[in-house]
Amino acid sequence: MSDHRNDANPGAADVEHLACDVLVIGAGGAGLRAAVEARLAGKSVIVISKSLFGKAHTVMAEGGAAAAMGNVNANDNWQVHFRDTMRGGKFLNNYRMAEIHAQEAPDRIWELETYGALFDRTADGRISQRNFGGHEYPRLAHVGDRTGLELIRTLQQKLVSLQQDDEEAGEPAAKLQVIDETTITELFVEQGAVKGAFGYRRGTGAFMAISAPAIVLATGGIGRSFKVTSNSWEYTGDGHALALRAGASLINMEFIQFHPTGMVWPPSVRGILVTESVRGDGGVLKNAEGKRFMFDYIPEVFKAQYADNPEEADRWYTDPDANRRPPELLPRDEVARAINSEVKAGRGSEHGGVYLDIASRRSAEYITERLPSMYHQFKELADVDITAEPMEVGPTCHYIMGGVEVDAETAASKVTGLYAAGEVSGGMHGSNRLGGNSLSDLLVFGKRAGEFAAEHAAVTEPPKLGDDEIAAAQADALRPFANDGENPYALQAAMQEVNGRLVGIIRRAGELEEALTELAALKPRIDNVTAAGGRAYNPGWHLALDLRNMYLCSVATAMAALERDESRGGHTREDAPGMDPQWRRVNLVASLDGGELALARQDVPSMTPELLGLFETSELSKYMTPEEYRSTEAEDA
Amino acid sequence: MSTRTFRVWRGDAEGGDFAEFDVAVNEGEVVLDVVHRIQAEQAPDLAVRWNCKAGKCGSCSAEVNGMPRLMCMTRMNLFADGEPVTITPLRTFPVVRDLVTDVSFNYEKARQMPQFAPPADLKPGEYRMQQVDVERSQEFRKCIECFLCQNTCHVVRDHEENKPPFSGPRLFIRAAELDMHPLDARDDRREAAQDAQGLGYCNITKCCTEVCPEHIKITDNAIIPMKERVAGDRYDPLVWLGRKIFRKGKSDSPAG
């Protein structure tokens, strides 16, 4: 095999130069929606896809996209959706993002139908909506349990149709390009503004430098820093780390969602997602003693909305207006902690999870029609027939609520020209995301990011990239070939082990300190990681470059988790149980200061009186300090 | 845990050969787990394309002991004790490196066909469709674009010369999906499949259906109905006359 591309110092001639108005990094739902919007605004757009076009992690979203269309229950509206989102996030959410999200989600879903999406229907022919944890009404637009695939395929096909429109209109093909199997390793910044990016094509190892006055980060999450995760290999925190290195800040990095129901057996599938729809469609959680245990885990703040006995819970499926919801549909953080406690108390299933039972509650036909991919997944991967026997499930690292600090209206980061949307952004979901709010989030804020990036590009001179900065980025990318350190796979496993053991679902101050020490010890080993072989399609080299991103995100998470000595949403401190109203007012903000991560405290934006008025004072008093919720009493009076 | 011999094709467009690995296999593992172990412990630069490892993204297509499969959905207990596992890249597409092939053929074909045409008289939010009517198209939208059907189709598998005129089963189900979409405004999907996509090359051997990991009935539910309707429309004198006089609607139901 030829290794001719493996020159240690290939020179600037080796770098392909491209330019566009709006560069979108990431080709999942948020990135593609941003690209559509920027192109519709008349800008030239390049989309960088880490995988093949149409394979992004969005395809794995199962349950649906939350939007208060009110098709199934006419009582639903954006205010109810907003309220549910704030409750789910334990009131730490950026309220303005949650408000915009709830208001605009229906339009973003309806728009997808005009792109060709085929959602499941109600009897009167509208988009069907299903129940999900934390949502007061059936709200999730869905296609069986493969909604993410429908979303990504619809947007992929919309991009193709825009390319065809351009072709007919005589526009050059470069107006909307998707460059697949390409990874961005660095952003170029000058005087606080982005001006381009550097990356490599996986297939050849060839480098590219793209100049662009506006860049949208849509790179997803960080799940690959954990061993037990539902996330695909791409989720190495690239956008989080690129933003940090470019001078932007990350908020809420301590909040990681462990989805309560991942597969636990066999070991090779541990972590693969079991959709929440199983519970929305009637499935219940049982421990080894056969007890439906979630009734024992309804927290005070949710007692008004959740049934405390099986009879009422079961009536809810057919009469939701007269009964409270089953506790299996509590927000994800609550259910994950409950499962964790049952297993710890010795009431777990054979392989260390609990049982998720829909077989004894619904007919085989109902299950295979409503949950076809779950049926398929368990049959083929675990040899379990979910229409006949219960599934074994346990928590799996699923989503990071933390991410790039952005302006709610424009998705702009602190760095001029740099935008972020979807999982890579922070604030929208507060301390815990509701299921179904991710697909709607990436549509709502993907569109906004594309729109405002295009606007920024329209008033900004095309930037120029310098040879020196390109050469420096190239040298960085090639360093693993010259190093004499360890294998990247071993280092990734070591980092996953530290995060899983010390920064997982239940945390303690001493362990977080230990995690920071152990991560610091990994740093020189990661700096010296070695890639063997050549530059053409070399996954070892790719992982070697991703490791530094995973490292930065892991440290940011551990630092923030240590600082926040309370328990809220996706951050549970065994040594600091319960929510502290003082902490509700605080976001932890991470940024790079002289190459080192630094943490600062910042106020959570205060809700407007109109929005506060959507909640009962008695509910607000469970989350807020007296002076905060009393201000609404004054308003009421 | 046991040890198994894996024979993995390694090379690039200029050529290559099998590399043999003795590797540990644990209970419940799939072929992709074992390939990852080879990568982590023996060959860090072994090229393999994968994403979700849950059968949802369609990235890890390869030929395992001669059968086109998703490596993440091929369980190790499928093989007899001691039987060596041989993995080769998809044969129909050019090799990039090791198990990774250049599948751009499929994207080019997708790029050539007209996309969904929204009805001019409906605004967003006004679409009304019955579940029974969307289900026909939904079956085809389950496609995860693993391209195993494209790889196995004998029209192009060993016939490079057929690639320009032939789009393949993946794009036939896309044409069928749009043809059966209750609100698609175009009425020439079947003719386009026949004339621009090379539907006529298919002689219904059903190899595509057999390898589909999503169990889409590609031949029975997409290709055959499309062929029948194209034939029916073209050779039925009344239909022919109708087409000359009126714009043909989309109301006729599919065969079967």
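Keep in mind it's a predicted model, so treat the numbers as computed, not measured. All chains use their own residue numbering, which begins from 1 and follows the written sequence. Lettering for chains starts from A, numbering for ligands starts from 1, and both go in the order in which the items are written. In keeping with the model being predicted, local features are shown solely for residues with a pLDDT of at least 70 and side-chain atom pairs are shown and tallied solely at 80 or more, while totals for entire chains, interfaces and linings include all residues. Hydrogens and water are ignored here; the side-chain numbers use all heavy atoms of the structure.

Undergrad: I'm lost on the overall build of chain B in this one. Help?
TA: Each helix corresponds to a stretch of at least 4 residues labelled H or I by DSSP, and each strand to a stretch of at least 2 residues labelled E; elements are numbered beginning at the N terminus. Within chain B one finds ten helices and seven strands. In terms of its C-alpha atoms, chain B occupies a principal-axis envelope of roughly 70 × 40 × 30 Å. When accessible area is computed with a 1.4 Å probe and restricted to protein chains, residues below 20% of their type maximum are described as buried, those above 50% as exposed, and intermediate ones as partly exposed. The buried share of chain B, reckoned over its 256 residues, is 56%. Here, residues are in contact when the closest pair of their heavy atoms is within 4.5 Å. Once local pairs closer than 6 in sequence are excluded, the contacts in chain B between residues at least 24 apart make up 62%. As displayed, chain B offers around 10,900 Å² of accessible surface, 52% of which is attributable to carbon and sulfur atoms. Charge assignment in this entry is limited to Lys and Arg as positive and Asp and Glu as negative, and neither His nor the chain termini are counted. Taken as the charge centre is NZ of Lys, CZ of Arg, CG of Asp or CD of Glu, depending on the residue. Considering chain B, the positive charge centre built from 35 side chains and the negative charge centre built from 39 side chains are found 5 Å apart. Shrake-Rupley sampling with a 1.4 Å probe provides the accessible areas, and residues are treated as covered by the protein chains on show and by no other component.

Undergrad: Any chance you could explain the domain arrangement of chain A here in plain terms?
TA: The figure often quoted for interface size is the accessible area lost as the parts come together. All names here are of chain A. Residue ranges for the domains originate in an automatic or database domain assignment. Domain parsing of chain A yields domain 1 (63-145), domain 2 (260-395) and domain 3 (479-588). Note on definitions: buried area is the accessible-area loss of two parts on being combined, 1.4 Å probe, summed for both. Where domain 1 abuts domain 2, roughly 1,400 Å² becomes buried across the two surfaces, and 44% of that area is made up of carbon and sulfur atoms. Among the residues domain 1 hides against domain 2, the three largest losses belong to N131, F132 and D145. Together they make up 39% of the total. The salt bridge criterion pairs a side-chain nitrogen of Lys or Arg with a carboxyl oxygen of Asp or Glu, the two atoms within 4 Å. Counting across the domain 1 and domain 2 interface gives three salt bridges. Measuring nitrogen to oxygen at the nearest pair gives 2.9 Å for the salt bridge that ties K90 to D333. Think of a polar contact as two N or O atoms within 3.5 Å of one another; within protein, one of them needs to be a possible hydrogen donor and the other a possible acceptor, and neighboring residues in sequence only count if both atoms come from side chains. Across the contact surface, domain 1 and domain 2 share nine residue pairs in polar contact (both at pLDDT 80 or more).

Undergrad: Whenever I open this one, empty space enclosed by the protein confuses me. Can you help?
TA: To locate leftover empty space, one rolls a probe as large as a water molecule over the atoms. Residues and elements named next belong to chain A. Cavities and pockets were defined on a 1 Å grid built over protein atoms only: a cavity is a set of grid points that admits a 1.4 Å probe from which the probe cannot escape, a pocket is an open set flanked by protein on both sides within 12 Å along at least five of seven lines, and lining residues are those with an atom within 4 Å of any such point. Grid points are joined across faces, edges and corners, and a volume is the space filled by probe spheres set on the points. Counted according to the given criterion, the structure contains seven cavities of 30 Å³ or more. Estimates place the volume of the largest cavity at around 670 Å³. Considering the residues around the largest cavity, the lining is formed by 48 residues, among which H57, T58, G220, Y235 and E423 are closest to the centre. If you list the elements that add at least two residues to the lining of the largest cavity, you get α1 (29-40), β8 (182-190), α5 (238-246), β16 (391-400) and α11 (437-458). A class-by-class count of the residues in the lining of the largest cavity yields 18 nonpolar, 21 polar and nine charged. Taken domain by domain, the lining of the largest cavity gets at least three of its residues from each of domain 1 (63-145) and domain 2 (260-395). Polarity classes work like this: nonpolar for Ala, Val, Leu, Ile, Met, Phe, Trp, Tyr, Cys and Pro, charged for Asp, Glu, Lys and Arg, and polar for all others, with Gly in that last group.

Undergrad: Please clarify how helix α15 (residues 539-563) of chain A should be interpreted in this entry.
TA: Think of an α-helix as turning once every 3.6 residues; residues three or four places apart then point the same way. Residues and elements named next belong to chain A. Given the number of residues in a helix, its expected span is that number minus one, multiplied by 1.5 Å. With 25 residues, α15 should cover 36 Å at 1.5 Å per step; its first-to-last C-alpha distance of 36 Å lies within 8% of that length. Counting buried positions along α15 yields 22 of 25 residues, so the element is predominantly enclosed. The N-capping residue of α15, defined by a side-chain oxygen 3.0 Å from the backbone nitrogen of G540, is N538.

Undergrad: I'm lost on the state of the cysteines in this one. Help?
TA: The bond known as a disulfide is covalent and runs between the sulfur atoms of two cysteines. All names here are of chain B. The disulfide criterion is simple: two cysteine sulfur atoms within 2.5 Å. Taken as a whole, this structure holds zero disulfides over all chains when the rule is applied. Distance from the sulfur of C60, which forms no disulfide, to the nearest cysteine sulfur (C72) is 3.7 Å. Exposure remark for C60: the relative accessible area of 4% places this residue in the buried category.

Undergrad: Just checking my understanding: could you explain the interface of chain B and chain A for this structure?
TA: Contact residues are listed per partner, giving 64 residues for chain B and 67 residues for chain A. For the pair chain B and chain A, the two sides together bury roughly 5,400 Å², of which 53% comes from carbon and sulfur. It is K56, R111 and R141 of chain B that lose the most area in chain B upon contact with chain A, and together they represent 15% of the buried surface on that side. Across the chain B-chain A interface, the total number found is six salt bridges. Across the salt bridge formed by E62 of chain A and K56 of chain B, the nearest N and O atoms sit 3.4 Å from each other. Where chain B meets chain A, there are 42 residue pairs in polar contact (both at pLDDT 80 or more). With five residues, the single largest contributor to the side of chain B that touches chain A is helix α3 (residues 131-141) of chain B. The residue makeup of the side of chain B that touches chain A, split by class, is 29 nonpolar, 15 polar and 20 charged.

Undergrad: Even after reading the chapter, I still don't get the sheet that holds strand β9 (residues 193-201) of chain A, so can you show me in this structure?
TA: All names here are of chain A. Strand order in the open sheet formed by four strands is β1-β10-β9-β8, and the pairing between neighbours is mixed. Here the strands that pair on one side only, and so sit at the sheet edges, are β1 (15-19) and β8. This sheet shows a mean twist of 25° between the axes of neighbouring strands, independent of strand direction. Where β8 lies against β9, eight bridges are found, and the strand directions are antiparallel. Its bridge partner lying in β9, E190 is registered against A193. Axes here refer to lines fitted to C-alpha atoms; in helices the fit is confined to the stretch in contact. Angles between the N-to-C directions go from 0 to 180 degrees. Helix-sheet contacts for α15 involve β8, β9 and β10 (207-211), and the interaxial angle to β8 is about 40°. When DSSP finds at least two bridges between two strands, those strands are taken to pair.

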